[in-house]
Amino acid sequence: MNITIIGTGYVGLVTGTCFSEMGNEVYCVDVIEEKIESLKQGIIPIYEPGLEELIKHNYNNGNLHFTTDLFEGLSDSQLCFIAVGTPMGEDGSADLRYVRQVAKQIGQTITQDIIVVDKSTVPVGTADEVETIINKELDKRNKNYKVTVVSNPEFLKEGTAVNDFMHPERVIVGTDDDSAAEIMKELYDPFTKNHERMIIMDVRSAEMTKYASNSMLANRISFMNEMANICDKIGANIDNVRRGMGSDSRIGHSFLYPGCGYGGSCFPKDVTALIKTAQDNGLNPVLLKSVEEVNHNQKYYLINKIINIFGEDLSGLTFALWGLAFKPETDDMREASSIIIVENLLKMGAKVNVYDPKAMDVAKEFYFKDLDVNYFSDKYSVLEDADALILVTEWKEFRNPNFNKIKSLLKNNIIFDGRNQYKNSYMKKLDFEYHAVGK
Ligand code: UDX
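Residues numbered from 1 in each chain as written. Predicted model: local features only at pLDDT ≥ 70, side-chain atom pairs only at ≥ 80, totals over all residues.

Section: the sheet that holds strand E12 (residues 388-391)
Move 1: Reading across the sheet, the six strands line up as E11-E10-E9-E12-E13-E14 and stay open at both edges, with parallel pairing between neighbours. Of all the strands in the sheet, just strand E11 (373-375) and strand E14 (433-435) have a single pairing partner and so form its edges. When strand polarity is set aside, the average angle formed by the axes of neighbouring strands in this sheet is 20°.
Move 2: Of the strand pairs in this sheet, strand E9 (residues 318-322) and strand E10 (residues 351-355) are connected by five bridges, and their pairing is parallel. Its bridge partner being in E10, Leu321 is matched across the sheet by Val354. (Pairing = 2+ DSSP bridges. Helix = DSSP H or I, 4+ residues; strand = E, 2+ residues; numbered from the N terminus. Axes fitted to C-alpha atoms, helices over the stretch in contact; angles between N-to-C directions.)

Re helix H13 (residues 301-310)
Move 1: Within H13, burial applies to Tyr301, Leu302, Ile303 and Ile306.
Move 2: Considering only its buried residues, H13 is in contact with helix H12 (286-298), helix H14 (337-347), E12 and strand E13 (414-417).
Move 3: At the exit of H13 stands Gly311, carrying a positive phi of roughly 85°. (Buried ≥ 20, exposed ≤ 12 C-beta atoms within 10 Å, placed from the backbone. Contact = placed C-beta atoms within 7 Å.)

Let's talk about the nonpolar core
Move 1: Counting residues in each nonpolar core, the largest one holds 123 residues, and the members touching the most others are Val116, Phe319, Leu321, Leu324, Leu389 and Ile390.
Move 2: Broken down by element, this core gets its largest block of residues, nine residues, from helix H9 (residues 203-234).
Move 3: Setting aside its immediate chain neighbours within four residues, Ile390 contacts Leu302, Phe319, Ala320, Leu321, Ile341, Phe416 and Gly418. (Core = buried A, V, L, I, M, F, W, Y, C linked by C-beta atoms within 7 Å.)

Details of the UniProt feature "binding site: substrate" (unreviewed entry) in the chain
Move 1: As recorded in UniProt, the sites labelled "binding site: substrate" (unreviewed entry) are Phe155, Leu156, Lys157, Glu158, Lys210, Phe255, Leu256, Tyr257, Pro258, Gly259, Gly263 and Lys327. Spanning 173 residues, the named residues are also spread out in space, since their farthest C-alpha pair is 23.8 Å apart.
Move 2: Considering the arrangement of structural elements, one finds Lys157 in the loop between strand E6 (147-151) and helix H7 (161-166).
Move 3: Since 14 C-beta atoms lie within 10 Å of it, Lys157 is described here as partly exposed. (UniProt positions renumbered as here; feature names shortened; annotations may be inferred.)

Thoughts on the site of the ligand
Move 1: Close to the ligand lie 19 residues; Glu158, Tyr257, Tyr262, Gly264 and Cys266 are nearest.
Move 2: There are two domains that each give the shell around the ligand at least three residues, and those are domain 1 (2-201) and domain 2 (211-297). (Near = placed C-beta within 6 Å. Domains from an automatic or database assignment.)

Considerations on the UniProt feature "binding site: NAD(+)" (unreviewed entry) in the chain
Move 1: Taking the numbering used here, the UniProt-annotated feature "binding site: NAD(+)" (unreviewed entry) corresponds to Asp30, Lys35, Thr86, Thr121, Glu158, Lys269 and Arg334. In sequence the annotated residues extend across 305 residues, and in space they extend as well, their farthest C-alpha pair lying 24.6 Å apart.
Move 2: Tracing the sequence through the fold places Glu158 in the loop between E6 and H7.
Move 3: Of the residues examined, Glu158 has 24 C-beta atoms within 10 Å and is grouped as buried.
Move 4: When residues no more than four places from it in sequence are discounted, the contact partners of Glu158 are Tyr10, Glu48, Gly264, Lys327, Thr330 and Asp332.
Move 5: Excluding its chain neighbours within four sequence positions, the residues that come into contact with Arg334 are Gly263, Gly264, Ser265 and Phe326.

See below:
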């Protein structure tokens, strides 16, 4: 198939690349010239395991193209995916500025019938709006090409995006048009071989499925964070409670890990946007608001533990951070708990040393641009003469470190573990003062 992908962010780039890997001819279009130029040279703007190799392979064999020219990108296209950003607007709702802009450009550019697919996470009703915008532009041009707008929300996770896309648990397609549904089936068939994994429904339900899924997952995390806070007070261990709970098949083990809060580009933004949608429709989404509030408080969990031990004046003290990214296997720091932790440590007068395997460039360039933070190139050098270690992101290299080395480098044997990576008993045996979440 001939496919156009508009937007070469996380979702667009992974989607386009994976479609090209299955033999489709894919044009990825973006307005940022430098990004397109870099992609052509095999320089990938994000760190995502496996993506670089796939992009290079398909670019070199001619299946994958990069362009800033929408006309070129759309010239033979049957399917056009909209995968531009939908950032959080000032009032908490999703900002649809880029989606609308792209819809308008599609209407101004196409020269044939087309299926437009909303891949970006967009509020319920956006597909209808996109269709209206495109048709309005076609009217102006006196063209009556058939435009069908389909919702196909993306569920990939950063860090495992390529694998998630290649082996989806389900593909949600929202459309009332049978021929569009058939084409979507054909397109996704290679990814779901021998399994019926496509769920076809009406457009609005498909749009809502994405918000409901992300909110459910965020809900589980906030629920577990609340349980951990209770465990803290009553002397129970959340690790044991989690294992006990998860083995009930109705509950299951995944997304039950408490910690110092969830971050990323999706959960915070999508929960807020769904709250706004509910409120705009006269509802009071009490549960969603609590999910958000619990998460906000949880980002201060480690800071509060530090205050309990060291007091509010941290001048003369140095803290070493392991991890800045919002989760492992990504350099993404959007809404990362590390931001709140670092800002507050500095505010209270502490010196802050940091190490992250992938996210330090982003930290330097954006998040900590104006902050006095010291960067180190490995997990041990960052510890030298620090008063305590704070683990914020559970990268694999932090799972089984050399604790004797840690002891010899730190001034005090204190670890604050925001991701519950170590066992209490082991830490005790090694003579560490160990503060984790809910145990
Ligand atoms: C999420 C959804 O999982 C994905 O389906 C959707 O398409 C986009 O949003 P992502 O943001 O990449 O994906 O990361 P995810 O692995 O879901 O983690 C999100 C955050 O939750 C991270 O900060 C992570 O540390 C935190 N988390 C996750 C927990 O605190 N506990 C858990 O048990 C799981």
